[in-house]
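Working through the structure, step by step
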Amino acid sequence: MTTSTDALPIEEVLPRLLAALHASSSVVLRAPPGAGKTTRVPLALLDQRWLGEQRILMLEPRRLAARAAASRMAATRRERVGDTVGYRMRGDTKVSAATRIEVVTEGVLTRMLQQDPALEGIALVIFDEFHERSVHADLGLALTLQSRALLRPDLRILIMSATLDTDPVAALLGDAAIITSEGRAWPVDTVYLTHPVDGFVDTATARAAANAVTSHDGDVLVFLPGAAEIRRAESVLRDLIANNVDVYPLFGQLPQDVQDRALAPSPTGRRKIVLATSIAETSLTIEGVRVVVDSGMMRVPRFSPRTGMGRLETVRTTRAAADQRRGRAGRTAPGVCYRMWTQHEDAGLVPHRAPEILETDLTPLALELAAWGVSDPTELQWLDQPPRAAYAHARELLLSLHATYGTGAITTHGREINQLGLHPRLAHMLVRGAEAGLAIAACDVAALLGERDIMRAEHARDPDLRLRMDALRNRGDHRADAGAADRVRRESAALRGQLQQTSVAQPHQAPAPISHSWAAGLLIAFAYPDRIAQQRATGSLRFLLRNGRGAAADSAGSLSNSEFIAIAALEDSGREARIFMAAPLEREDLELHFADDIITTTTVEWDDATESVRALRTRALGALILEQVRINAPENTDMAALLLDAIARKGIAALPWNDETRGLVQRIEFARSREPDRWPDLSDATLLRALDIWLLPFVPEAKRLSDIGAGSVAHALRAILDRDQLRRLDIFAPTHITVPTGSHIAIDYSDTASPSLAVRLQEMFGRPDTPTIADGAVPLTLHLLSPARRPVQVTRDLAGFWAGTYYDVRKDLRGRYPKHSWPDDPLKAEPTRRTRGHR
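Note that the structure is a prediction, hence the values are computed from the model and not measured. (Residues numbered from 1 in each chain as written. Predicted model: local features only at pLDDT ≥ 70, side-chain atom pairs only at ≥ 80, totals over all residues. Heavy atoms only, no water.)

A closer look at the overall build of the protein chain
Each helix and strand counted, the protein chain has 27 helices and 31 strands in total. In terms of overall dimensions, the protein chain is more spread out than a globule: its C-alpha atoms have a radius of gyration of 41 Å, far above the 28 Å expected for 839 residues. In terms of its C-alpha atoms, the protein chain occupies a principal-axis envelope of roughly 135 × 65 × 60 Å. A total of 839 residues make up the protein chain; the buried ones form 52% of that total. Considering only residue pairs separated by 6 or more positions, the protein chain has 67% of its internal contacts joining residues 24 or more positions apart. With an accessible surface of roughly 38100 Å², the protein chain has 49% of that area assigned to carbon and sulfur atoms. Between the mean site of the 102 positive side-chain charges and the mean site of the 105 negative ones, the protein chain shows a separation of 3 Å. (Helix = DSSP H or I, 4+ residues; strand = E, 2+ residues; numbered from the N terminus. Rg over C-alpha atoms; globule rule 2.2 N^0.38 Å. Buried < 20%, exposed > 50% of the residue type's maximum accessible area, 1.4 Å probe, protein only. Contact = heavy atoms within 4.5 Å. Areas by Shrake-Rupley, 256 points an atom, 1.4 Å probe, with all protein chains shown as cover. Lys, Arg positive; Asp, Glu negative; His and termini not counted. Charge placed at Lys NZ, Arg CZ, Asp CG, Glu CD.)

Here's what the structure looks like:
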């Protein structure tokens, strides 16, 4: 039996919404916060003919919102939660056989789809507050759409949102009908700071809340980014408020009774200040709020290279979120909103948050898709496709965790860890830890990694995780922060309970027991197999990661005595990553538990030190060398091929070049520049690419560079040319030119565009013109030298030189070399090789 409810703005559009859902399988509803969509719409649908005896499933982005929505709807019907209306979330479920409306957190829908892809017994799936665009909601919608397309064409989908751009969503759903509720809100005055906050924003926000509760009527809702800021603000407020004002924290990790007190109306004569995270932006109604104090900060999920998992990052709030927070002050009467930023800062707010799927770690999503039977996300319909690079990284990680095969298909182990509903890294660690008899230690490590560092500041610099494990159980000399340690213990206990409820809790194989804290390195290695690292040198603070990257610790503690470590948190920036949390990993554990990943290879390679071939047998885990020994090269080793590979790496200069061989190549290159179709390309790059063709036949037995002589290179180069080419080369590009004295002087072809001849000027007496090559087409560049072989003139026009410049040169030479003959007419003078002439 239903009861009447106070008129809510959503009531005006309910008839259109019901008609749209009757006629279509997809509808988009846009209604502002406070319109009543979360609690009124599901109840209004209970009597619809198409629903029959089936259930409605409504997704909420947060546990608190799910419980609150179910409680409000049950109260409206004057029933208990779990009767007609119930909720379902990890570790907390209240449903019965009579339940027709199930309010679930977003991850629960994915679990239900994995267990029953057809969603039998469910007629409608409602995605509430879809504008938050969590990766769970995007995944749930993609899976639901495929389920409807393949198995359940009758399944209805309703998207509800406060600020969503509805057109893309409607298009994704197949041109779904869009219903809009205008809502109802009282005016809200907005007050900005005149100057930016100086100091901690939580302290300034707490003081503003204390002033607001004395300046205005009604209760005060304060928005802060997270639990730590809420605790600090709560501490500040205790000293600033009157005795009739209660302070209630409100965030997801609080016990339910504490959350309920924050949501309940204040007793007569009392007022309250609620310190909330963004959990109170939408979905929840907090009775009596007339004032909002907004810190302007929010936590958003981002992928953290430091931990290899998703993390929460504190950022400036968006325009949409700020407006939703402001609207909370005008639900029931005029209100006021204090913004802890200036109007100038307000102009810089970004309109909306980027969808989480574009920024977060996609490993959990990739595992869910593998369990669904999809290896390529493009097979599904998305508002925003998962980024390719992030998805590829997720696939690689799942492969290293043995959760998937190389094809992307899920393994049996992958299905086991997917049952736990944790990040695949932590789930894999729990399963492997349980198999090794380390379930309790694994739960402690998982809880520690999910909480801020529990060590007090004076001990926090030591990155050894074993210290945290000992402090958590009150062992050792170090003490933990009491509050943080308590939270870790509670989470560890919850994980143990969760592990015991699954089939993976029983150890399949239990090696010899390992003490609790000394198991830390092995457990971290289970979760972070990509972050197993090897010490670069004994006693060093620098390590080599399995993936080849470097890492270093600022304060090593006992890590400096460890050959291997496993790293849980690092800052991967700069030349070497900075290690924040790690633990030693024993070689025996590494050999035992990662045996399948250790590769033994025999390599025959070139040794630059000895310039010869060597053979090595290597056992390695990625870039980490566990063992390497020198062995005799296998009989089938192609030594010559390795030698040629070494030459190819070193460059053509590694060969024993001399004037003859280099000159031969230069002559051929000169000839090719004049007759390109007639001569082969002997550039360095071409010679390197074809070493096996031109050089190998002349060095078949060579095993080291010293086995190759310059004569072998010369023979190999000449063999490239046939007999006619060799004959032609000697004519077209001769090695020497005979000058008037009868001397045979070598031609320099190093400049193929202008070959040159360096000759004493006196040896050219009597020669009227410039010597030529290339069938007379190319005059040589003459470098005319003094008796001391110093250049006195460079010319390609010898006749012009004799007729003109010679006389200026002659004047200078007669002064420097008076005992030499410098005739008036060089064309009639006797050429001479003598360094001293006669008058």
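Considering the sheet that holds strand S31 (residues 791-795)
Strand order in the open sheet formed by 5 strands is S25-S26-S27-S30-S31, and the pairing between neighbours is mixed. At either margin of the open sheet sits one strand with a lone partner, and together these are strand S25 (736-738) and S31. Adjacent strand axes in the sheet meet at a mean angle of 30°, parallel and antiparallel pairs treated alike. Pairing of S25 with strand S26 (residues 744-748), which is carried by 3 bridges, proceeds in the antiparallel orientation. Among the inter-strand pairings, Thr-738 is bridged to a residue of S26, identified as His-744. The strands touched by helix H27 (residues 798-816) within the sheet are strand S30 (781-785) and S31, with S31 carrying the most contacts at an inclination of about 175°. (Pairing = 2+ DSSP bridges. Axes fitted to C-alpha atoms, helices over the stretch in contact; angles between N-to-C directions.)

Side note on the pattern of salt bridges
Tallying each qualifying case throughout the model produces 44 salt bridges. The partner of Arg-40 in a salt bridge is Glu-11, and the shortest N-O contact between them spans 2.5 Å. Pair noted here: Arg-40 is in helix H2 (residues 37-44) and Glu-11 is in the segment before helix H1 (14-23), with a separation of 29 residues, a long-range link. Note that Arg-542 and Glu-576 form a salt bridge whose closest N and O atoms lie 2.9 Å from each other. Of the two residues, Arg-542 is situated in strand S18 (residues 542-545) and Glu-576 in the loop between strand S20 (564-571) and strand S21 (577-584); the sequence distance between them amounts to 34 residues. For Arg-542, a relative accessible area of 40% gives the class partly exposed. When its relative accessible area of 23% is taken as the criterion, Glu-576 is described as partly exposed. Where salt bridges share partners, they join Glu-563, Arg-587, Glu-591, Arg-619 and Glu-627 into one cluster. (Salt bridge = Lys/Arg side-chain N within 4 Å of Asp/Glu carboxyl O.)

Overview of H27
For H27, which comprises 19 residues, the first-to-last C-alpha distance of 22 Å sits more than 12% below the rise-based estimate of 27 Å (1.5 Å per residue). Taking the largest bend as the criterion, H27 deviates by roughly 60°, centred on Thr-805. Residues Leu-798, Phe-801, Trp-802, Tyr-806, Val-809, Arg-810 and Leu-813 constitute the buried set of H27. (Expected span 1.5 Å × (residues − 1). Bend = angle between axes of the 7 residues up to and from the residue.)

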